[in-house]
Amino acid sequence: MDRIKIIGGERLNGSIPISGAKNAALPLMIASLLTDDRLTLKNVPNLADVNLLARILRNHGVDLAVDGKRSGGAAHLGETFHLTARDISDTTAPYELVSRMRASFWVLGPLVARMGQAKVSLPGGCAIGTRPVDLHLSGLRALGAEIDIDAGYVIARAPKGLVGGHVLFPMVSVGATHNVLLAAALAKGETLIENAAREPEVGDVASCLVKMGVQIEGIGTSTLRIQGKPRLEGAVHTVLPDRIETGTFAFAVAATGGDVVLEGTRRELLRNALDTLQNTGAVVTDTETGVRIARNGNGLEPVDVETQPFPGFPTDLQAQLMALMTRAHGTSVIRETIFENRFMHVQELARLGADIKLHGDTATIKGVKSLRGAPVMATDLRASVSLVIAGLMAEGETTINRVYHLDRGFERLEEKLSRCGAKIERISTG
Ligand code: UD1
């Protein structure tokens, strides 16, 4: 199993290309199930989660051809996927595949919409909370799907096709919004989704669906009005930049000091997180090609933050902010309101000398003068990258075990950081 070794204390300087967003690439790939035409996705990041979803889609009968990078192309441009779901040969998404990644559950809506039936295993994914699927199911029921749960599988049926309906989500769910939005694209008539997730990745999927011939009003807002079509066309779509990767590197630069341009990304995708970063004393400026992050000399100011659905501070950057705050001049308070068990990084950060107290959903972080490198264990995707940030700040050597969590969501992480001066390397043990 691979490990990552970091010798902390180096400043980061230079530029880092930001990849396409994992959380958009996954539902966009799933959108290919809605049409028998070809869907071409550009800027797809090369990640374990993307490869796993490719396997799941192939299992349904989707043909996937991948173009490599064009020589001379911008470094942040990822692969191009051509997906064609001409014949869906299998409407079952098995436990062995779905249990490894929660987003694969989102095939349920598109499959039942196109094929009139689907059988999808209840999902797995990061162990960051119970993460039920009740909102997905009630949303699809509102579109006429009959749903049963049997032996760990959700079985959805709509022999005469789905019919547009009114979905009012009692709480914001990114996944349930994707699932219902994708299904509504092929449902007969109009679907109204209220309290939809406003995450930029939802907007990216909606924009792609528009290219495929669906009429959608309210993209980027919490009210989506979708006019379904009996048949969708193919399209060419470029995956938007990864705001979580952007934020992670931004926080890493603030943590180590230095000056880095994050190429190919946009500030508005994570305005709240970058405003928070500015409040810690880092300087954030827009450049023509991306966002520049700098921190020279000055210490870090503490900040108090509560995670919220977009446009609030993202839960996917909570662990990274906490790593940063371990060295702030004072005490910060971070409240996690989205997932109940998303503090597994706390005990690992403590191994490096961080002073963090947990009370329910709230972490109180007292800044310490220095962190000291140690062996630590990655526990989930975002938690593991917070350990990288802490390792970059710590004196001496940090080794991070179980880095397969990182590979799920960060493309060429150690290469991107080492090009900016970090002492970080992957140790492969076969
Ligand atoms: C997505 C993101 C993940 C991010 C999360 C919140 C992807 C691939 N994953 O995950 O990185 O951390 O949004 O921004 O895009 N909930 C229910 N019932 C449901 C569905 C969700 O109670 O049917 C709850 C969850 O337990 C959680 C909250 O709603 O407490 C938000 O979850 P949701 O937005 O659905 O997260 P995911 O789509 O799984």
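For clarity, every value in this text was computed on a predicted model and none was experimentally measured.

**Q** When you look at the nonpolar core in this model, what are you seeing that I'm missing?
**A** Leu181, Leu209 and Leu277 are the most contacted members of the largest nonpolar core, which totals 146 residues. Residue assignment places this core across two domains, with domain 1 (3–18 + 242–427) and domain 2 (22–231) each supplying three or more. The contacts of Leu209, once residues within four sequence positions are left out, are Ala31, Leu34, Leu181, Leu182, Ala185, Val214 and Ile216.

**Q** Could you clarify how one ought to interpret the packing of aromatic side chains in this entry?
**A** How two aromatic rings sit relative to each other is given by the distance of their centres and the angle of their planes. One pass over the structure, following the stated rule, counts 1 aromatic pair. Centre to centre, the rings of Phe251 and Phe313 are 6.4 Å apart; their planes meet at 35 degrees, and the pair counts as tilted. Of the two residues, Phe251 is situated in helix 8 (residues 243–256) and Phe313 in the loop between strand 18 (304–306) and helix 10 (318–325); the sequence distance between them amounts to 62 residues. For the residue pair Phe251 and Phe313, the accessibility class agrees, reading buried in each case.

**Q** Where do I start with the pattern of salt bridges in this structure?
**A** When their charged atoms lie close together, side chains carrying opposite charge are able to pair. Under the criterion given, the structure shown has 23 salt bridges. Here Glu268 and Arg266 are joined by a salt bridge, their closest N and O atoms 2.9 Å apart. Residue classification places Arg266 among the partly exposed residues on the basis of a relative accessible area of 37%. Note that Arg426 is salt-bridged to Asp407, the shortest N-O span being 2.7 Å. With a gap of 19 residues between them, Arg426 in strand 24 (residues 423–427) and Asp407 in helix 13 (residues 404–409) connect regions that are remote in the sequence. The exposure class assigned to Arg426 is partly exposed, which follows from its relative accessible area of 25%. Exposure remark for Asp407: the relative accessible area of 24% places this residue in the partly exposed category. Among the charged side chains, a salt-bridge network with shared partners connects Asp2, Asp407, Glu414 and Arg426.

**Q** I tried to follow the site of the ligand on my own but got confused; where do I start?
**A** The ligand sits among 20 residues. The nearest are Asp134, Ser173, Val174, Asp316 and Ile338. Here an oxygen atom of the ligand sits 2.5 Å away from a polar atom, N or O, in the main chain of Ile338. Surface burial for the ligand is 90%, taken as the share of its 730 Å² of free accessible area covered by protein chains. For the shell around the ligand, the element with the highest residue contribution is helix 5 (residues 134–142), accounting for 3 residues. Across the shell around the ligand, the residue classes break down as 10 nonpolar, 5 polar and 5 charged. When residues of the shell around the ligand are assigned to domains, at least three map to each of domain 1 (3–18 + 242–427) and domain 2 (22–231).

What counts, and at which threshold
- Residues numbered from 1 in each chain as written.
- Predicted model: local features only at pLDDT ≥ 70, side-chain atom pairs only at ≥ 80, totals over all residues.
- Heavy atoms only, no water.
- Core = buried A, V, L, I, M, F, W, Y, C linked by side-chain atoms within 4.5 Å.
- Buried < 20%, exposed > 50% of the residue type's maximum accessible area, 1.4 Å probe, protein only.
- Domains from an automatic or database assignment.
- Contact = heavy atoms within 4.5 Å.
- Phe/Tyr/Trp six-rings, centres within 6.5 Å; stacked < 30°, edge-to-face > 60°.
- Helix = DSSP H or I, 4+ residues; strand = E, 2+ residues; numbered from the N terminus.
- Salt bridge = Lys/Arg side-chain N within 4 Å of Asp/Glu carboxyl O.
- Near = heavy atom within 4 Å.
- Polar contact = N/O pair within 3.5 Å; in protein donor to acceptor, adjacent residues only side chain to side chain.
- Areas by Shrake-Rupley, 256 points an atom, 1.4 Å probe, with all protein chains shown as cover.
- Nonpolar A, V, L, I, M, F, W, Y, C, P; charged D, E, K, R; others polar.

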